[in-house]
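So the chains spell out like this:
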Amino acid sequence: MKKLVFAILLSLFILPETVFGQAQETKLVVRAKAQDAKFIGSSMGGAFVVVKNTETGEILAKGKTIGSTGDTQQIMNTPKTRDLQLSTPGAAKFETTLQLDEPTFVTIEVTAPYAQAQSHVTSSTQLWMIPGKDITGDGVLLEIPGFAVDVLSPQAHEVTSLKKISIEANLVMMCGCPTSPGGMWNSDEYEIRALIAKEGHQVASVPLTFAGKTSTFEGDFTPKESGAYQITVYAYHPETGNTGVDKTTVIFSGE
């Protein structure tokens, strides 16, 4: 009888360690959300997610968020409460199942938007993951600040003899959401400008205005002498602090 009681007591002490040492499936959902906008998903090439064991550096999982930008009403217009879930079915996410045999401190890095390399931003966070304790729903939600700016014209290293050089750029939120005057993402609130430099010295600053096509802005400048010019287009939203930049070059032949 004493041996039986001792065996039971011993099992009570060693059972947690035994279970603790066994790998358990643990689900993890990661989402990337553009600042002042929606989820970053398939339409922008997704957000690239890397989950690492912080202590060892081992990569536990990696991949891209897949899905839609989510529900505009839910994300942008619904009053935020403590328990409000922003994601709806189909909203972009990266989902994985980790095999954990002990509480693990992980680092999660998200780089987005993946299809716009000139606009890549990486956000990261750290947290403990407990074996068998899933993190789903909205999951781990990382915010990606900025704008995705893409200079459409002039093309890189373009040679021109035109005395008036046109500049055209595409400007969207990091999730791909469109910008336009008076729209949900109101370009009237943004400062959009092209800085022109030659041999490292700024020679002009040109405001870009709405081109009549969603998310497209334009302006022009007149070079005073032949040579290579560097064009830096930026967008800035004073209210949110969002910024975005893209660059190109043009060669004015002067002929």
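Residues numbered from 1 in each chain as written. Predicted model: local features only at pLDDT ≥ 70, side-chain atom pairs only at ≥ 80, totals over all residues. Heavy atoms only, no water.

Things to note about the pattern of salt bridges
Point 1. Scanning all chains against the criterion turns up 3 salt bridges.
Point 2. Between K93 and E95 there is a salt bridge, with its nearest N and O atoms 3.2 Å apart.
Point 3. On the basis of relative accessible area, E95 is assigned to the partly exposed category, the value being 43%.
Point 4. The residue K198 makes a salt bridge to E225 at a minimum N-O spacing of 3.8 Å. One end of the pair, K198, is in strand β11 (residues 191-198); the other, E225, is in the loop between β14 (216-221) and β15 (227-236), with 27 residues separating them in the sequence.
Point 5. The class of K198 is buried, set by a relative accessible area of 10%.
Point 6. You can call E225 partly exposed: its relative accessible area is 48%.
Point 7. Here the residues in one salt-bridge network are K198, E199 and E225, joined through shared partners. (Salt bridge = Lys/Arg side-chain N within 4 Å of Asp/Glu carboxyl O. Buried < 20%, exposed > 50% of the residue type's maximum accessible area, 1.4 Å probe, protein only. Helix = DSSP H or I, 4+ residues; strand = E, 2+ residues; numbered from the N terminus.)

Quick word on the nonpolar core
Most often, soluble globular proteins keep nonpolar side chains buried together rather than apart.
Point 1. Within the largest apolar cluster, 51 residues are counted, with the highest numbers of intra-cluster contacts made by V30, I40, I108, V110, L208, F221 and V233.
Point 2. Not counting chain neighbours up to four residues away, the residues in contact with V110 comprise V30, A32, A47, F48, V49, V121, T122, S123, L142 and I144.
Point 3. Within the second largest apolar cluster, 5 residues are counted, among which are F39, I75, L86 and A92. (Core = buried A, V, L, I, M, F, W, Y, C linked by side-chain atoms within 4.5 Å. Contact = heavy atoms within 4.5 Å.)

Considering the sheet that holds strand β16 (residues 243-252)
The strands that make up a sheet pair up through hydrogen bonds in the backbone, lying either parallel or antiparallel.
Point 1. One open sheet accounts for 5 strands, arranged β9-β16-β15-β11-β12; its pairing is mixed. Of all the strands in the sheet, just β9 (158-160) and β12 (201-207) have a single pairing partner and so form its edges. The sheet shows a mean angle of 30 degrees between the axes of neighbouring strands, direction not considered.
Point 2. Both β9 and β16 contribute to a ladder of 3 bridges, which runs parallel. Among the inter-strand pairings, V159 is bridged to a residue of β16, identified as I251. (Pairing = 2+ DSSP bridges. Axes fitted to C-alpha atoms, helices over the stretch in contact; angles between N-to-C directions.)

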